[in-house]
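# Observations on chain architecture
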Amino acid sequence: MNLLLSQIRKLMISALLLSALLWTSSLQLLQAAAMPETENAVDTALLAHVEAWTAQLSTQPAFKSWQGATLSISALGPGTHSWMASVIQHKKTVGYLVVHATESGGFVLGEYGLGDYLYNLTTLQQSLQRLELIPSTITSTPLYIHPLLSVWKISGKSTALTDAMSGEALPLTASLWSIEASQELKLIQVESPMAVTAGIAKAVSNASFSPYEKLQWLTDAPVDKVDSMRILDKKKHLTYTAARFNGDMLYVWSATGYHSWNNGAVYVALETDELGESKRYVPLTLLVELGEFYR
């Protein structure tokens, strides 16, 4: 009996070791193939802007971990002229910035945030498991137009698109993605360049809360852009929703503050829950265009 139990334990340990090995190998495959490699010689102007904006953000209390951090910059998708800069402190990603090149020259902040959630490889791995896909048989490509249209394109025998932040499968086909992308690219093309010296003129930071705590966004009328900022100034709860992809996908976020930059741009802090572990700063102009705020 003891011999049988010993053999069973050995089999269980072997199975656990094999599972861990497969998980590690899968992540290594994703790390090797998913995100484009950091450019050997990043454009010096791009790097200067990213470094200056990172330093500016690091003066904010919530971004204190960015002080003295290093940057890893990768291109986002083919032909988009967008880059993601991962902010790395002690070998851990503590935040990110997405930067676009503008048509008139120069660069602009597409979004920025705290945590390691946008295009996270572990989240991608979990998406592949849910879709019952094997990393070695597929290609995963980051595609980014703006914060509400950012995905992993997973290509194999068929194509699937998952949300770049949550990993949730999206009701999108490759053809519908192309249509959405071509229509909404104009939302970022009209942006004016941000100066390398741009700074935060006003910062409001409120307590985290669950957007599902109260459901006024199901019953009440939305508030306008001006009232939204006043509500945040008063430290009141504000929720943002956006119905996407012909209404088949509903994004719901808590709005917990904002940064007003001295070039007039305002970025609203969005969170998915009350834990406050991640915070995504998205341009107010884009949010007003694509969704609604509720008090």
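This section reports on the structure supplied with the text. (Residues numbered from 1 in each chain as written. Predicted model: local features only at pLDDT ≥ 70, side-chain atom pairs only at ≥ 80, totals over all residues. Heavy atoms only, no water.)

On to the overall build of the chain, then. Along the chain, the regular secondary structure elements total eight helices and 13 strands. The 295 residues of the chain split such that 47% are buried. Once local pairs closer than 6 in sequence are excluded, the contacts in the chain between residues at least 24 apart make up 59%. Looking at the chain as shown, the accessible area adds up to about 15,100 Å², and 55% of this sits on carbon and sulfur atoms. (Helix = DSSP H or I, 4+ residues; strand = E, 2+ residues; numbered from the N terminus. Buried < 20%, exposed > 50% of the residue type's maximum accessible area, 1.4 Å probe, protein only. Contact = heavy atoms within 4.5 Å. Areas by Shrake-Rupley, 256 points an atom, 1.4 Å probe, with all protein chains shown as cover.)

Turning next to helix 2 (residues 44-57). Between its first and last C-alpha, helix 2 extends 20 Å over 14 residues, near the 20 Å set by a 1.5 Å rise per residue. Turning to helix 2, its buried residues are L46, H49, V50, W53, T54 and L57. Mapping the buried residues of helix 2 onto a view down its axis gives an arc of 130°, with all of them on the same face. As for helix 2, its buried residues are in contact with strand 1 (70-75), strand 2 (82-89), strand 3 (92-101), strand 4 (107-114), strand 8 (200-205) and strand 10 (249-261). (Expected span 1.5 Å × (residues − 1). Arc of directions from axis to C-beta.)

The subject of this paragraph is the environment of I73. Tracing the chain through its elements places I73 in strand 1. Of the residues examined, I73 reaches a relative accessible area of 4% and is grouped as buried. As a C-alpha pair, I73 and A85 span 12 residues in sequence and 4.3 Å in three-dimensional space.

What follows is about the pairing of strand 4. Of all eight residues making up strand 4, eight are buried, and the element is well covered by its neighbours. Bridging between strand 3 and strand 4 involves seven bridges; their strand directions are antiparallel. Across the sheet, residue A101 finds its bridge partner in strand 4, namely F107. As consecutive antiparallel partners, strand 3 and strand 4 are separated by five residues, and within that stretch G105 has a phi angle of approximately 100°, a positive value. Looking at chain direction, strand 4 and strand 12 (residues 279-283) are connected through three bridges and run antiparallel. When the bridges of strand 12 are listed, L114 appears paired with K279. (Pairing = 2+ DSSP bridges.)

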